[in-house]
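# An overview of the molecular structure
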Number of protein chains: 2
Amino acid sequence: MTNEQTRLSKENCLKRIAAVRDALYAVSGKWKLPIVVALSEGPLRFKELQRALEDVTPRVLSKELKELELNGFIERREYDTSPATVTYALTPYSDTLKQVTKSLGDWGLQHREYLMEKSRELSPAQSDSLHP
Amino acid sequence: MTNEQTRLSKENCLKRIAAVRDALYAVSGKWKLPIVVALSEGPLRFKELQRALEDVTPRVLSKELKELELNGFIERREYDTSPATVTYALTPYSDTLKQVTKSLGDWGLQHREYLMEKSRELSPAQSDSLHP
DNA sequence: CACCCTGCTATCCTGCAGGATACCGGTATC
DNA sequence: GATACCGGTATCCTGCAGGATAGCAGGGTG
């Protein structure tokens, strides 16, 4: 490999690092991506979302929803039925995240398998690498 | 859609949410994935990594490297040259992360474009959605 | 021997993500 | 008129991820 090529691949690598950092920054947090996944089958109401995410408190859910809306990933819809109904739905832009959530989801599944396998090997001592 | 189908797709969705949460938990943090990307072109030494990641402090870098090693993503190699050299290299298992880093990187790039476009529209007011 | 590089560790500090708990105004169900 | 569901807010609290700064042992370089 020539020096020129090395330089180019290094620069490329730096760019990719920056891109990953940008992405992590934009979708940082424990709940943003899970919310996007939860909404991927269709709009949900506040409480429905809360139930889907199991242990998120309303305060946190509300905050995350606001941020997601501000960043153009979801849309809040109010219907003046009685009593008023509110739903949250993905925007078209959130589709760009599809590949991210898919690969993360796939990886999460296979990683869980991997950890199970590993803990079976070293059992009975339990691994602590699976989140609580 | 039958109720049965609804139930199945709901269950599937819950599984995917859990999988994404697992993944986020495992690769959480500001530096783990960037480190993996940095090492993707070949092993690097401690200081080289530090430079590639620009503003990570040695304390934090050291901590992240230890965690990555503990979780089987990287390998620390010590050579008894004089003075001793240390490199960090990806393990085969870290290959499973390739798709994740790729889609995150791609998305980060396109998201940056998107934000630029958006801020050009509403300029001169600057957007604060790009990280500092 | 003065000074730089590497590969860290030690100490100390701080913000804020995320949580716990409680509550509110409105509706409708019994 | 009590109780329950919805869509949140208001307050208060806490840990810990991540950073700032300093330093050290071991060697290399002039």
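Residues numbered from 1 in each chain as written. Chains lettered and ligands numbered in written order. Predicted model: local features only at pLDDT ≥ 70, side-chain atom pairs only at ≥ 80, totals over all residues. Heavy atoms only, no water.

- Per an unreviewed UniProt entry, chain A goes by HxlR family transcriptional regulator and derives from Chitinophaga japonensis.

## A few points about the protein's contact with DNA strand D
- Not every one of the 20 residues close to DNA strand D is listed here, only the nearest: Lys66, Arg76 and Tyr88 of chain A together with Lys30 and Arg59 of chain B.
- Within 4 Å of the protein, the atoms of DNA strand D are drawn from sugar and phosphate moieties in a proportion of 67%.
- In this structure, Ser62 of chain A approaches DNA strand D through a side-chain N or O atom, which is 2.9 Å from a phosphate oxygen.
- Residue assignment for the surface near DNA strand D shows that the elements contributing at least two residues are α3 (46–52), α4 (58–70) and β3 (85–90) of chain A together with α4 (58–70) of chain B.
- No other element matches α4 of chain A, which puts four residues into the surface near DNA strand D.
- Its residues assigned to classes, the surface near DNA strand D comprises seven nonpolar, four polar and nine charged. (Near = heavy atom within 4 Å. Polar contact = N/O pair within 3.5 Å; in protein donor to acceptor, adjacent residues only side chain to side chain. Helix = DSSP H or I, 4+ residues; strand = E, 2+ residues; numbered from the N terminus. Nonpolar A, V, L, I, M, F, W, Y, C, P; charged D, E, K, R; others polar.)

## Looking at the pairing of β3 of chain A
All names here are of chain A.
- Buried residues dominate β3, accounting for five of its six residues.
- Sheet topology note: the strand β2 (residues 74–79)/β3 ladder contains six bridges and is antiparallel. Each bridged residue has a counterpart across the sheet, and for Glu78 the counterpart in β3 is Val86.
- Once β2 ends, the chain turns through five residues before running back antiparallel as β3. (Buried < 20%, exposed > 50% of the residue type's maximum accessible area, 1.4 Å probe, protein only. Pairing = 2+ DSSP bridges.)

## A closer look at the pattern of salt bridges
- Counted according to the given criterion, the structure contains 18 salt bridges over all chains.
- When the shortest N-O distance is used, the salt bridge between Arg112 of chain B and Asp22 of chain A registers 2.1 Å. Taken together, the positions of Arg112 of chain B in helix α5 (residues 98–121) and Asp22 of chain A in helix α1 (residues 3–26) put the pair across two chains.
- Given a relative accessible area of 6%, Asp22 of chain A falls into the buried group.
- The residue Glu117 of chain A makes a salt bridge to Arg120 of chain A at a minimum N-O spacing of 3.0 Å. (Salt bridge = Lys/Arg side-chain N within 4 Å of Asp/Glu carboxyl O.)

## Quick notes on the packing of aromatic side chains
- All chains considered together, the criterion is met by six aromatic pairs over all chains.
- Judged by centre distance (5.8 Å) and plane angle (20 degrees), the rings of Phe73 of chain A and Tyr93 of chain A are stacked. Note that Phe73 of chain A is positioned in the loop between α4 and β2 and Tyr93 of chain A in the loop between β3 and α5 (98–121), a separation of 20 residues in sequence. There is no split in this pair, since Phe73 of chain A and Tyr93 of chain A are both buried.
- Clustering of aromatic rings is evident, with ring pairs tying together Phe73 and Tyr93 of chain A together with Trp107 and Tyr114 of chain B. (Phe/Tyr/Trp six-rings, centres within 6.5 Å; stacked < 30°, edge-to-face > 60°.)

## Notes on helix α2 (residues 32–39) of chain B
- For α2 of chain B, the buried fraction is high: eight of the eight residues fall into the buried class.
- Residues of α2 of chain B that are buried include every one of Lys32, Leu33, Pro34, Ile35, Val36, Val37, Ala38 and Leu39 of chain B, and no others.

## Examining the interface of chain B and chain A
- The partner chain A presents 51 residues to the 51 residues of chain B that form the contact.
- Both faces considered, chain B and chain A share a buried interface measuring about 4600 Å² in area, 66% of it formed by carbon and sulfur atoms.
- Inspection of the region where chain B meets chain A yields four salt bridges.
- Between Asp55 of chain B and Arg21 of chain A there is a salt bridge, with the nearest N and O atoms lying 3.2 Å from each other.
- Those elements giving two or more residues to the side of chain B that touches chain A turn out to be α1 (3–26), α2 and α5 of chain B.
- In terms of residue count, α5 of chain B provides more of the side of chain B that touches chain A than any other element does, 14 residues in total.
- Among the residues making up the side of chain B that touches chain A, the classes are represented as 28 nonpolar, 14 polar and nine charged. (Contact = heavy atoms within 4.5 Å. Buried area = accessible area lost by both parts, 1.4 Å probe.)

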